[in-house]
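Architecture and fold: a report
Listed below, chain by chain, are the residues.
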Amino acid sequence: MAVITPLSGSDLPTTPTAGEVMGSGGRRPGVIDRVYGFVRAIPTLVLWLIVVVWSIPTLGLFVNSWRSRDAQRASGWWRVGVDDLTKENYDTIFGARNGLGNSLLNSAAIALPATIIPIAIAAFAAYGFAWIDFRGRKPLFIGTVALLAIPLQVALIPLLQLYVSGAKFTIPGIDKTITIIPDLDLAGTTTATWITHIGFAMPFAIFLLHNYISGLPKDLFEAARIDGATHFTIFWRLVLPLSVPALAAFAIFQFLWTWNDYLVANTMIGANVRAQPTTVLIANLAGDFGKNEHLLPAAAFVQAFIPLIVFFALQRFFVRGILAGSVKG
């Protein structure tokens, strides 16, 4: 009869450490391994120090926004005096007829639709791709994700021409023209800008939300179907409440991107001063030969302040959305 001998503490199997795994087979840790170990050893205090250092330019921008042109040219912002402070810069940028106040409204008219509409459509599409079994689901999803590879820069001019003159197709041989998209006359408007942002944000939104929604527990959906719930009920009562972190994470990304965008807005709006967002206005604010450069800190600080409010207000959802799916079980 076999005798079972209990193992002593030294005989018990142990879990190898990260250093033992990397050094297995006699291989010495490489440069990447050493850098990885160094980064892991950085204390939280050092990270906070980096955050403070990166905040210094924002502080300088804020201080200079209250200084006159002569004071900005005479000394650095860290030498600010009480006599240097004035609200003249803010009075100037907000007092103009088509000044910063109007451009802030234009930025909101671009950023809000370009954030809300993709979330609303992509959430439905992501649920369909994840939990509704229909013919052609996988090829259609692959084609949607493949749209992420289309460069934004090469599509702007064709899109602008589409907004101005529409899309027509001429049938060869019979000389007949079919209008696919009518002349929308959207050039120089905020509508053309947020429609463009929606088109390029949709594939990424569907991809991001699909990965999150597809990872939700399958038992919840099966139990809901047994109780007779329709797909819309499941989506509205289960998927949306559970997907708030992912929705908030995408909302932050999309809002910051559209609010700070310059290329799309400048291409679609052009010289229409009444429809220019803050990014385009600030780029043209310095004037000829930079005579108004002292107004740039005030305008730039106002433009950057709103994204900071949005980020800090939703940061807890942002962190949860970023970590979503990192732990299974």
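For clarity, every value in this text was computed on a predicted model and none was experimentally measured.

A few points about the confidence of the model for the protein
Confidence along the protein averages 82 in pLDDT terms, with 85% of residues attaining 70 or more. When the criterion is pLDDT under 50, residues 325-329 qualifies, and its contacts beyond four places in sequence or with other chains add up to one contact.

Some details on the nonpolar core
One finds Tyr127, Leu209, Ile213, Phe221 and Val239 to be the most contacted residues of the largest nonpolar core, which totals 27 residues. Broken down by secondary-structure element, the contributors of at least two residues to this core are helix H6 (100-131), helix H9 (190-213), helix H10 (218-226), helix H11 (231-242) and helix H12 (244-259). Here Val239 is in contact with Tyr127, Ile213, Leu216, Phe221 and Ile234, once residues within four sequence places are set aside. Formed by 15 residues, the second largest nonpolar core is a distinct cluster that contains Ile93, Leu100, Leu104 and Leu295.

Structural notes on the side chain of Thr278
Residue placement: Thr278 occurs in helix H14 (residues 278-283). The contacts of Thr278, once residues within four sequence positions are left out, are Leu100, Ser103, Leu104, Ser107, Trp259 and Gln303.

Observations regarding helix H7 (residues 137-146)
If you check which residues of H7 are buried, you get Arg137, Phe141 and Thr144. All buried residues of H7 project into a common sector of 60 degrees when viewed along the axis, lining one side. Set apart from the buried face of H7 by more than 90 degrees, the exposed residues are Lys138, Pro139 and Ile142. Residues of H7 that are buried in the fold lie against H6 and H9.

Overview of the pattern of salt bridges
Counted by the stated rule, this structure contains four salt bridges. Here Asp84 ties to Arg67 by a salt bridge, and the two come within 3.7 Å at their closest N and O atoms. Linking Asp84 in the loop between helix H4 (69-74) and helix H5 (88-95) with Arg67 in the loop between helix H3 (44-64) and H4, this pair joins segments that are 17 residues apart in sequence. By relative accessible area, Asp84 is classed as partly exposed at 22%. Accessibility expressed as a relative area gives 0% for Arg67, which makes it buried. A salt bridge links Lys218 to Glu222; its shortest N-O distance comes to 4.0 Å. Of this pair, Lys218 and Glu222 are both found in helix H10, four residues apart, which corresponds to roughly one turn of the helix.

Rules of the game
- Residues numbered from 1 in each chain as written.
- Predicted model: local features only at pLDDT ≥ 70, side-chain atom pairs only at ≥ 80, totals over all residues.
- Heavy atoms only, no water.
- pLDDT = per-residue confidence, 0-100.
- Contact = heavy atoms within 4.5 Å.
- Core = buried A, V, L, I, M, F, W, Y, C linked by side-chain atoms within 4.5 Å.
- Buried < 20%, exposed > 50% of the residue type's maximum accessible area, 1.4 Å probe, protein only.
- Helix = DSSP H or I, 4+ residues; strand = E, 2+ residues; numbered from the N terminus.
- Arc of directions from axis to C-beta.
- Salt bridge = Lys/Arg side-chain N within 4 Å of Asp/Glu carboxyl O.

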